[in-house]
Structures are given as structure tokens and as C-alpha cells.
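Residue-level structure breakdown
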Amino acid sequence: PVKASTLIDLRRRVGLLPQKPFMLKGTVYDNINLGLTLQGKKQRDKKIKQVLQRLDIAAIAKQQANLLSGGQLQKVALARILVLEPEVLLLDEPFSYLDQQAAQQLEDFLRGYCTETGQTLIFSTHNRLQGFALADKVISLSQGRQVMSPLINLFQGQIHQHIFECHQLRIILPEADYVGQHVSIDPQDIVLSADKIISSMRNQFQGRVIMIADENGRAYVKVDVGQVFQVLITYQALMELKLELGKAVWIHFKSNAVVVF
């Protein structure tokens, strides 16, 4: 339990990287050294050099912190936390202000951090597919409440007799009574095919491929069927389907793959 007498110690075991990190006056080295100094840590120089090398920012150690680029700022702010070796690392919208290269470097760091340290990392993001691809566990929130869905392929509409209607899209739901105005379908529960499949999957729509990208070693495909669906498939499936931009494709998913809330 958290008590007033242990609150400071507990805070020191948690590191927070805010969405818009700020730097104090001085160099990059000065900023990273500050927390170690305040906590009375020993071997500070060794610890700082290790974290600078880990994040590949040793070359800017003597640079004034107020002159950093967006990507450098994010790395230095992260280094300032990591040097304290927190048991829990919290990142608030860490990708918001990064360019593509800096975002990719941060993704690479997140993938390896927990494995390398054995510590816990929690980050918030509005990029639901990115969070879904990177994290071991995803907690989705809607209006402050947890939703048992990754909130990808999220549609708003009305339910009429086990049919969810969203503009021209009609999604078949399981034979049960549902209350809600939103549905979501996990991108891994959607099957792509060149032709319509005769199967138990009751939801089948034809559309065209409008985007293909990489997402953590899997193919991320967007299909426009009047509404845009996001799908994650293997690269083997991508090659077998010979998918390319503009190609007609069918999407299929079971009614019990639809989450209503």
C-alpha cells in the first residue's frame, strides 16, 4: 500500500517521460547528471557515459540542451530517466513530435527495453495500431472506461436486429442482444482474399487496397470498402495474394470477431 512515509521512495522507482519534455539550463551532460546528483548516486560519470552510448547521443554530450532538435530532445529526456534505473518507465504519447527516423529509433528501443532490463514499460498513444503492434498487452480506453477491443476498425452507427449499420456498411453481429453505438474488429481477425470465400464468416465486403506498409514485421494493409478497414497479415500472405495499391480484394471476418460497446 502507498503511504505518505513511502511516497518519495516509490516516486523514485518510477520514471516519467512527458509528451513535451523540457530541458534545464546547461549541457546535455548536465541535464542527465542532475537526477543522479540529487539522489546522491555514485559513479555518476560512468552511468552517464553508458546511457549516452545506449541511446547513441554521446556526440552531443557537451551541447547546450536548449539547442537540441526534436528527436535529440526526446532521447536526452529519456536518457535523464534511464540513468536513474527506474523499475517502471512511463511514456506519455512518446511519438507525437518525432519525425519518421526518430520514431523508428524509439520503436526499436521500446521493443528491446523490457527484454534487456526486466523492468516494466507503459506508454500511452492515440496510434492504436502502433500500440497494438509494439506492446505485449494493450488496454483500450473509451470515455475513461476500459474496452475489450484494440479500438482498431472502429465504427459508429446503430444496431437494428443484429445488424450494425454505419452509412452503407452493414456488419452482422452474433445472435445476442447488444447495446451500443460503436463496433471494433481486431485487424488480425480479418481475412483477405482475391475472391469471395464460401465459409462461415458472415461478414464479407469487397474493396480496393489503398495502402500497404510495414508494422513491426507484418504487412499493414488498408482496404476501402466504402469504409476503411485496417488489416494485419504476414508478408507470406501478402506475396501469395499479390496485393498492390488499387487492387480489388475481399475482406472477411466472423460475427463473433465484432466487439460492440
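Residues numbered from 1 in each chain as written. Predicted model: local features only at pLDDT ≥ 70, side-chain atom pairs only at ≥ 80, totals over all residues. Heavy atoms only, no water.

1. What about the nonpolar core?
Ranked by size, the top nonpolar core spans 34 residues in total, and within it Ile32, Leu78, Leu89, Phe109 and Leu110 carry the most contacts. Of all the secondary-structure elements, those providing two or more residues to this core are helix 2 (28-38), helix 3 (44-54), helix 4 (70-82), strand 2 (88-92), helix 5 (100-117) and strand 3 (120-124). If sequence neighbours within four positions are ignored, Phe109 has contacts with Arg54, Leu55, Leu78, Leu82, Leu89 and Leu121. Counting residues in each nonpolar core, the second largest holds 27 residues, with Ile171, Leu173, Phe205 and Ile251 among its members. (Core = buried A, V, L, I, M, F, W, Y, C linked by side-chain atoms within 4.5 Å. Buried < 20%, exposed > 50% of the residue type's maximum accessible area, 1.4 Å probe, protein only. Helix = DSSP H or I, 4+ residues; strand = E, 2+ residues; numbered from the N terminus. Contact = heavy atoms within 4.5 Å.)

2. Comments concerning the sheet that holds strand 6 (residues 154-156)
The three strands are arranged 6-10-16 in an open sheet whose pairing can be described as antiparallel. Edge positions in the open sheet fall to strand 6 and strand 16 (258-260), since each of these has one partner strand only. When strand polarity is set aside, the average angle formed by the axes of neighbouring strands in this sheet is 25°. Taken together, the three bridges between strand 10 (residues 182-185) and strand 16 define a ladder with antiparallel strand orientation. Across the sheet, Ser184 pairs through a bridge with Val259, a residue of strand 16. (Pairing = 2+ DSSP bridges. Axes fitted to C-alpha atoms, helices over the stretch in contact; angles between N-to-C directions.)

3. Focus: the sheet that holds strand 9 (residues 169-172)
In a beta sheet, neighbouring strands pair by backbone hydrogen bonds and run either parallel or antiparallel. Read across the open sheet, the three strands follow the order 7-8-9; overall the sheet is antiparallel. Where the open sheet ends on each side, the last strands, each with one partner, are strand 7 (158-160) and strand 9. Ignoring strand direction, the axes of neighbouring strands in this sheet form an average angle of 30°. With four bridges connecting them, strand 8 (residues 163-166) and strand 9 associate as antiparallel partners.

4. Describing the packing of helix 4 against helix 5
For the pair helix 4 and helix 5, interaxial distance at closest approach is 10 Å and the crossing angle is 20°. By the criterion of interaxial angle, the relationship of helix 4 to helix 5 is roughly parallel. Judged by the sense of rotation from one axis to the other, the crossing of helix 4 with helix 5 is left-handed. Taking contact as the criterion, the partners of Gly71, Gln74, Lys75, Leu78 and Leu82 in helix 4 are, on helix 5, Ala102, Gln105, Leu106, Phe109 and Tyr113. Across the contact of helix 4 with helix 5, the residue classes tally to six nonpolar, three polar and one charged. (Parallel < 35°, antiparallel > 145°, perpendicular 65-115°, else oblique. Left-handed = near helix turned anticlockwise from the far one by under 90°. Nonpolar A, V, L, I, M, F, W, Y, C, P; charged D, E, K, R; others polar.)

5. Focus: the pairing of strand 13 (residues 218-224)
Relative to strand 13, strand 12 (residues 203-215) runs antiparallel, the two sharing seven bridges. For Ala213, the partnering residue across the bridge sits in strand 13 and is Tyr220. Counted along the chain from strand 12 to the antiparallel partner strand 13, the turn is two residues long, and its residue Asn216 has a positive phi close to 55°. Where strand 13 lies against strand 14 (residues 228-233), six bridges are found, and the strand directions are antiparallel. The residue of strand 14 that forms the bridge with Lys222 is Gln230. Connecting the antiparallel pair strand 13 and strand 14 is a turn made up of three residues, with Gly226 showing a positive phi of about 110°.

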